[in-house]
Amino acid sequence: GDNDSERLPRLPRDFEKKQPFCVFEVRRSSLVADTLRAIATSSVHLLLRPMKVFFVGEPAIDEGGVTKEFFQLLVEALFREDYGMFSWNAESR
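Residues numbered from 1 in each chain as written. Predicted model: local features only at pLDDT ≥ 70, side-chain atom pairs only at ≥ 80, totals over all residues. Heavy atoms only, no water.

Asker: Got a sec to walk through the overall build of the protein? Specific residues and values, please.
Answerer: In terms of helices and strands, the protein carries four helices and two strands. Start at the N end of the protein and walk to the C end: the helices and strands fall as α-β-α-α-β-α. Relative to its full complement of 93 residues, the protein shows a buried share of 28%. For the protein, contacts bridging at least 24 residues in sequence account for 54% of all contacts bridging at least 6. Accessible area for the protein stands at about 7000 Å²; split by element, carbon and sulfur atoms hold 56% of it. (Helix = DSSP H or I, 4+ residues; strand = E, 2+ residues; numbered from the N terminus. Buried < 20%, exposed > 50% of the residue type's maximum accessible area, 1.4 Å probe, protein only. Contact = heavy atoms within 4.5 Å. Areas by Shrake-Rupley, 256 points an atom, 1.4 Å probe, with all protein chains shown as cover.)

Asker: Give a detailed account of helix α4 (residues 65–79), specifying residues and quantitative values.
Answerer: Across its 15 residues, α4 extends 21 Å between first and last C-alpha, which sits within 8% of the 21 Å expected from 1.5 Å per residue. In the core, the buried residues of α4 are packed alongside β1 (22–26), α2 (31–40) and β2 (51–55). (Expected span 1.5 Å × (residues − 1).)

Asker: Can you tell me about the nonpolar core, naming the residues and giving the values?
Answerer: With 14 residues, the main nonpolar core has F24, V26, L31, V53, F55, F70 and L74 as its most contacted residues. Counting residues per element, the ones that place at least two in this core are β1, α2, β2 and α4. Sorting elements by how many residues they give to this core places α4 first, with five residues. The contacts of F55, once residues within four sequence positions are left out, are V26, R28, L31, V66, E69, F70 and L73. (Core = buried A, V, L, I, M, F, W, Y, C linked by side-chain atoms within 4.5 Å.)

Asker: Outline the pattern of salt bridges, listing residues and values.
Answerer: Summed over all chains, the structure comprises five salt bridges. Taking the shortest distance from any N to any O, the salt bridge between R27 and D34 comes out at 2.8 Å. Residue R27 shares its accessibility class with D34, and that shared class is buried. Notably, a salt bridge pairs R80 with D82, separated by 3.0 Å at the nearest N-O pair. The exposure class of R80 is partly exposed, given its relative accessible area of 43%. Through salt bridges with shared partners, a single ionic network connects R27, D34 and R37. (Salt bridge = Lys/Arg side-chain N within 4 Å of Asp/Glu carboxyl O.)

Quick look at the structure:
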C-alpha cells in the first residue's frame with residue numbers, strides 16, 4: 001500500500017561498501033520474511049559485521065535497543081505455534 005511501513009525494504013546498492021555494519025531494514029508486519037530475505041541477499045562478508053536493525057517507517061536510531069527488540073520479536077514469531085516451525089509435544093513437558 002501507500003503506507004511507508006509496508007513498503008519493501010530497499011537499501012542503496014553501494015550501501016554494503018560504505019557501511020561498517022550489517023544493516024537489516026525490516027517491516028514489523030513481515031519480520032520473518034524480511035529477515036530471511038536480508039540474510040539470503042547479503043554476502044558472508046557483510047553478515048560477519050556488527051549488526052544494526054531499522055524498522056521501515058520508524059525513525060529510531062539503533063544504539064542496541066532496536067536490535068534487541070528485533071531479536072525478541074523474531075524469536076517470538078519463530079516460536080509461535082501457528083508459524084509451524086516447532087510443534088508442541090505435551091508428553092515431553
